Amino acid sequence: RQWKKENICFDAFYTGYLGSIEQTDLVSQAIDLLKDEKTVIITDPAMADDGRLYSGIPEGFPKAMLKLCKKADIVIPNITEACMLLGVEYKSAPYTESFIEMLLLGLYKKCNAKVVLTGVTFDERKVGAACYDGEKITYTFSEKVDKIANDETFYRHIKRLQRRSIYEMFGDFISELLDFDIRGH
């Protein structure tokens, strides 16, 4: 509340792993209190992988996380998290294009947010992401895509979201990440 009194503004909120339903409620309240019309909200519903919730995450957590995702401008789930948010059965890789598109369209509709779905693979050689902004679906494949949520390079692009499409931003991010690894910087 003090930040609000001081008129401190936030360009973005980025949420990742939250260990309890209470934490999702607190983060949701903070967003409601501190966001303005220019604030970009990015939510990675980090709670599950390989078809199951992380250890220690309660069964009702996906429902609480969905409430938080509905506040986001961009949602960045993996396949398991997307399935749990939508209440659909998880399928193991490799995936079909129709399954990925169902997840993207379902999340976009349910959350009213752009979606970057990580862990997408149509064969065992490439892993990547699928993006949907309400108009078109694009795919980007790289072994490095699952590092998006934890890589500081991603934060440099948050401000550009208001001026550029998510596809341009995502493409630039992947390019920078690959250049970073290749050059060893």
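Residues numbered from 1 in each chain as written. Predicted model: local features only at pLDDT ≥ 70, side-chain atom pairs only at ≥ 80, totals over all residues. Heavy atoms only, no water.

Trainee: Honestly, the sheet that holds strand S8 (residues 137–141) in this entry has me stumped. Any pointers?
Mentor: Note on sheets: strands pair through backbone hydrogen bonds, and any given pair is parallel or antiparallel. Spatially, 6 strands are ordered S1-S2-S5-S6-S7-S8 in an open sheet, and the strand pairing comes out mixed. The two strands at the open ends of the sheet, each matched to only one other strand, are strand S1 (12–15) and S8. Note that strand S7 (residues 126–132) and S8 share 5 bridges and pair antiparallel. Bridged to Tyr132 within S8 is Ile137. (Pairing = 2+ DSSP bridges. Helix = DSSP H or I, 4+ residues; strand = E, 2+ residues; numbered from the N terminus.)

Trainee: Please explain the state of the cysteines as it appears in this structure.
Mentor: Scanning all chains against the criterion turns up 0 disulfides. Not engaged in a disulfide, the cysteine Cys69 finds its nearest cysteine sulfur in Cys111; these two sulfurs lie 5.0 Å apart. (Disulfide = S-S within 2.5 Å.)

Trainee: It is not clear to me how the nonpolar core should be interpreted in this structure. Could you clarify?
Mentor: As a rule of thumb, soluble globular proteins bury nonpolar side chains together. Residues Met65, Ile79, Ile100, Leu103 and Leu117 are the most contacted members of the largest nonpolar core, which totals 34 residues. Going through the elements one at a time, helix H2 (21–34), helix H3 (61–69), helix H4 (79–86), helix H5 (97–111), strand S6 (114–123) and S7 are the ones with two or more residues in this core. Core analysis: the second largest hydrophobic core is formed by 7 residues, Val40, Ile74, Ala129 and Cys131 among them. (Core = buried A, V, L, I, M, F, W, Y, C linked by side-chain atoms within 4.5 Å. Buried < 20%, exposed > 50% of the residue type's maximum accessible area, 1.4 Å probe, protein only.)

Trainee: Can you walk me through a positive patch on the surface in this structure?
Mentor: Together, Lys63, Lys67, Lys70 and Lys110 make up a positively charged patch on the protein surface. Counting through the fold element by element, Lys110 comes out in helix H5. (Patch = residues over 30% accessible without salt bridge, like charges linked within 9 Å, V, L, I, M, F, W, Y side chains within 5 Å. Areas by Shrake-Rupley, 256 points an atom, 1.4 Å probe, with all protein chains shown as cover. Salt bridge = Lys/Arg side-chain N within 4 Å of Asp/Glu carboxyl O. Lys, Arg positive; Asp, Glu negative; His and termini not counted. Charge placed at Lys NZ, Arg CZ, Asp CG, Glu CD.)

Trainee: Where do I start with the environment of Ile79 in this structure?
Mentor: In this structure, Ile79 sits in helix H4. Separated by 16 residues in sequence, Ile79 and Tyr95 have C-alpha atoms that sit 9.6 Å apart. In contact with Ile79, other than residues within four places in its own chain, are Tyr90, Tyr95, Phe99, Ile100, Leu103, Leu117, Thr118, Gly119 and Val120. (Contact = heavy atoms within 4.5 Å.)

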